[in-house]
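Below are the chains, spelled out letter by letter.
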Amino acid sequence: MSLDTTPAPSTTDRPRSRETLEQCWRRLADGRPSWTGDLLDVVEPYVLGRPGHPGDVARFRDLPWTAAAALLHRVPAGHLRDKQNAAPSLGSVLVAAVGHPQEVEVHGYLVPPCRPDERIAAEGIVVYDHPELDEFRLLDEDGPCSETGCECRAFWSSVQAWFGLEDADGGPQVIAPRTCRRTGRTGWYLWWT
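Residues numbered from 1 in each chain as written. Predicted model: local features only at pLDDT ≥ 70, side-chain atom pairs only at ≥ 80, totals over all residues. Heavy atoms only, no water.

### Re the packing of helix α3 (residues 65–74) against helix α5 (residues 90–99)
Which entries qualify depends on this criterion: As a rule, the C-alpha atoms of each element are fitted with a line to give its axis, helices using only the stretch in contact, and angles between N-to-C directions run from 0 to 180 degrees. For the purposes of this entry, the term helix denotes a DSSP run of H or I that reaches at least four residues, the term strand denotes a run of E that reaches at least two, and both are numbered from the N terminus. Small angles under 35 degrees read as roughly parallel and large ones over 145 as roughly antiparallel, with 65 to 115 read as roughly perpendicular and the rest as oblique. Left-handed describes a crossing in which the near helix is turned anticlockwise from the far one by less than a right angle; the clockwise case is right-handed. Should any heavy atoms of two residues lie within 4.5 Å, those residues are counted as being in contact. Residues are grouped as follows: nonpolar covers Ala, Val, Leu, Ile, Met, Phe, Trp, Tyr, Cys and Pro; charged covers Asp, Glu, Lys and Arg; every other residue, Gly included, is treated as polar.
Contact geometry for α3 and α5: axes closest at 8 Å, N-to-C directions at 135°. In terms of orientation, α3 lies oblique with respect to α5. Crossing handedness for the pair α3 and α5: left-handed. Contact residues: W65, A68, A69, L71 and L72 in α3; G91, L94, V95, A97 and V98 in α5. Taken together, the residues of the contact of α3 with α5 break down into nine nonpolar, one polar and no charged.

Quick look at the structure:
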């Protein structure tokens with residue numbers, strides 16, 4: 001009979017379970033009150049990572065209409081008017097996702113409670129399965145649209161009208177084709193930087 005001399009794995013060799021967003025928020029809040037803490041269960045499935053430092057944000061993407069509807073009920077009314085630079089307000093982006101459940105998903109970020117600007121922000125949307133948008137000529141070239149023939153302004157005007165994003169102060173800085181990693185659907189990624 002031979003004895004197995006392989007040592008038993010130590011507890012430090014075992015993979016650690018991933019910190020939940022709620023645990024991260026509590027850690028970063030350090031006892032401070034947090035209004036965004038009431039949103040974490042809705043946003044958690046779409047968050048890309050956890051902030052490691054109090055100054056970091058938690059980015060999310062592919063937020064569907066069901067989560068947008070829940071956020072519309074939970075985000076305090078005053079915060080629904082918040083905007084990421086020239087982007088449409090958080091409220092209008094969430095309403096667009098709810099009103100167009102198969103076409104619009106939201107991307108953005110959460111600012112943790114340890115910062116004085118704690119918030120949830122929508123940086124943009126992804127528009128799927130909207131064949132009318134394929135008709136626009138969009139170019140990623142330097143130079144004015146009048147010289148390149150890029151129709152990004154007309155594209156944005158159409159998106160703004162179709163999805164009720166009239167409260168935007170300007171068009172997105174990035175418009176790019178996108179294929180959804182979950183579904184394979186094609187669409188357009190709009191981002192206000």
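And the narrative resumes.
### Structural notes on α5
Where we set the bar: For the exposure calls, accessible area comes from a 1.4 Å probe over protein chains only, and a residue counts as buried if that area is under 20% of its type's maximum, exposed if over 50%, partly exposed in between.
The element α5 is extensively covered by neighbouring structure, given that seven of its ten residues are classed as buried. Among all positions of α5, only L90, G91, S92, V93, L94, A96 and A97 are buried.

### Comments concerning α3
Because an α-helix completes one turn every 3.6 residues, residues spaced three or four positions apart along the sequence face the same direction. Selection criterion: Our arc is simply the arc of the directions from the helix axis toward the C-beta atoms.
Within α3 the residues assigned to the buried category are A67, A68 and L71. Within α3, the buried residues cover an arc of 100° as seen down the axis, which keeps them to one side. Among the structural elements, α2 (40–43), β1 (58–63), α5 and β3 (119–128) are those in contact with the buried residues of α3.

### Digging into the side chain of S92
Position of S92 among the secondary structure elements: in helix α5. For S92, a relative accessible area of 12% gives the class buried. With residues near it in sequence (within four places) discarded, S92 still touches G164, L165 and D167.

### A short note on the pattern of salt bridges
Going by this rule: A pairing counts as a salt bridge when a side-chain nitrogen of Lys or Arg comes within 4 Å of a carboxyl oxygen of Asp or Glu.
In total, this model carries eleven salt bridges according to the counting rule given. E19 serves as the salt-bridge partner of R27, at 2.9 Å between the closest nitrogen and oxygen. Of the charged contacts, one joins R26 and E22 as a salt bridge, the two residues approaching to 3.7 Å between their closest N and O atoms. Of this pair, R26 and E22 are both found in helix α1 (residues 21–29), four residues apart, which corresponds to roughly one turn of the helix. Classification of E22 as partly exposed rests on a relative accessible area of 46%.

### Some details on the packing of aromatic side chains
Note the cut-off: Stacked, tilted and edge-to-face are the three classes applied to pairs of Phe, Tyr and Trp rings, where Trp contributes its six-membered ring and a pair requires centres within 6.5 Å; stacked means planes under 30 degrees apart, edge-to-face means over 60, and tilted covers the rest.
Using the criterion set out here, one finds three aromatic pairs in the structure. Ring plane angle 75° and centroid distance 5.2 Å describe the contact between W156 and W192, whose orientation is recorded as edge-to-face. Of this pair, W156 sits in helix α7 (residues 152–163) while W192 sits in the segment after β5 (186–191); the two residues are 36 residues apart in sequence, bridging distant segments of the chain. For the pair W156 and W192, one class covers both residues: buried. Where Y189 meets W191, the ring centres are 6.4 Å apart and the plane angle is 50°; that geometry is what we call tilted. Owing to a relative accessible area of 27%, W191 belongs among the partly exposed residues under this scheme.

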